[in-house]
Amino acid sequence: MLMGIKSLKIVKKTMDRDGSWMKDSVINSPKVYFLIGSRNNTVLEFANMRVLMEDSTKSSPRKLILTHSWQGTGQVIYQGFLFFHNQGTPNEIIKYNLQKRTVEDRMLLPGGAGRALVYQHSPSTYIDLAADEHGLWAIHSGPGIHGHLVLTKIEPGMLGVEYSWDTPCRSQDAEAAFLLCGVLYVVYSSGGHGPHRITCVYDPQGTISEEDLPNLFFPRRPRSHSMIHYNARDKQLYAWNDGNQIIYKLQTKRKQPLK
């Protein structure tokens, strides 16, 4: 379980306010993927973190042109596949094979997914996908404007829904969320400017609650985060904030078993 945000490292700065960046959370690969903008179909693949941080004139990334465009900044790379919300559809998730450059599978998220923004301060994301030690997830809004968030567990092989939970976490004043060891952490800010604080936590297994956690603040940033995703291999958060690509190092401890 998360106990604190230890440090912030700005890895790169671009001119693009919105986007997402990540590594595969399962496969041991040094490759880093850059997805610029909230609607696009071009993925930039960097050989490793060092190449990403270098001047772009020294080495160019590999460009992967997708057959479909993504919507929002809730993409995730899991087991060599890119999962993303298909632009122009309310609730279709595409599983894209990065090696073959083909659509492997697709699914429709049930329960009204994609009808409203997931987070009030992320105005282009209707479905936020996430991965952690427990697998692949989708975070989306429930019925009603600024309603409660719904957490859905996805089976990545056959691309089906395993289970969905209505959470007590609201989308109002939220800017991002992530999963860590099967627990949902939602980041909130006032007016999208901070302080950026985790004020709602949901554990489907009921092993932890907000009362178990310390005050969880992020280092102050001038704007809300475009995305925050956890990488289970690195045990770090990858974030995009006002054109800055950021890594947050974490302090964690093992969850206590149910008595």
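Residues numbered from 1 in each chain as written. Predicted model: local features only at pLDDT ≥ 70, side-chain atom pairs only at ≥ 80, totals over all residues. Heavy atoms only, no water.

Novice: Can you help me understand the sheet that holds strand β20 (residues 244-252) in this one?
Specialist: Working definition: the strands of a sheet are paired by backbone hydrogen bonds and lie parallel or antiparallel to each other. In space, the four strands of this open sheet follow the order β1-β20-β19-β18, with antiparallel pairing throughout. The outermost strands of the open sheet, each flanked by one partner alone, are β1 (2-13) and β18 (227-231). For this sheet, the mean inter-axis angle between neighbouring strands, taken without regard to orientation, is 25°. Relative to β20, β1 runs antiparallel, the two being bridged by nine bridges. (Pairing = 2+ DSSP bridges. Helix = DSSP H or I, 4+ residues; strand = E, 2+ residues; numbered from the N terminus. Axes fitted to C-alpha atoms, helices over the stretch in contact; angles between N-to-C directions.)

Novice: For this particular structure, what's the right way to read the side chain of Lys-95?
Specialist: By the element assignment, Lys-95 lies in strand β8 (residues 92-97). Here Lys-95 occupies a buried position and makes no salt bridge, while the nearest side chain of opposite charge, Glu-104, is found at 5.5 Å. Among the polar contacts listed, one links the side chain of Lys-95 to the backbone oxygen of Pro-156, at a separation of 2.9 Å. Ignoring anything within four residues of it in the chain, the contact list for Lys-95 reads Phe-81, Leu-82, Phe-83, Thr-102, Val-103, Glu-104, Asp-105, Pro-156, Gly-157 and Leu-159. (Buried < 20%, exposed > 50% of the residue type's maximum accessible area, 1.4 Å probe, protein only. Lys, Arg positive; Asp, Glu negative; His and termini not counted. Salt bridge = Lys/Arg side-chain N within 4 Å of Asp/Glu carboxyl O. Polar contact = N/O pair within 3.5 Å; in protein donor to acceptor, adjacent residues only side chain to side chain. Contact = heavy atoms within 4.5 Å.)

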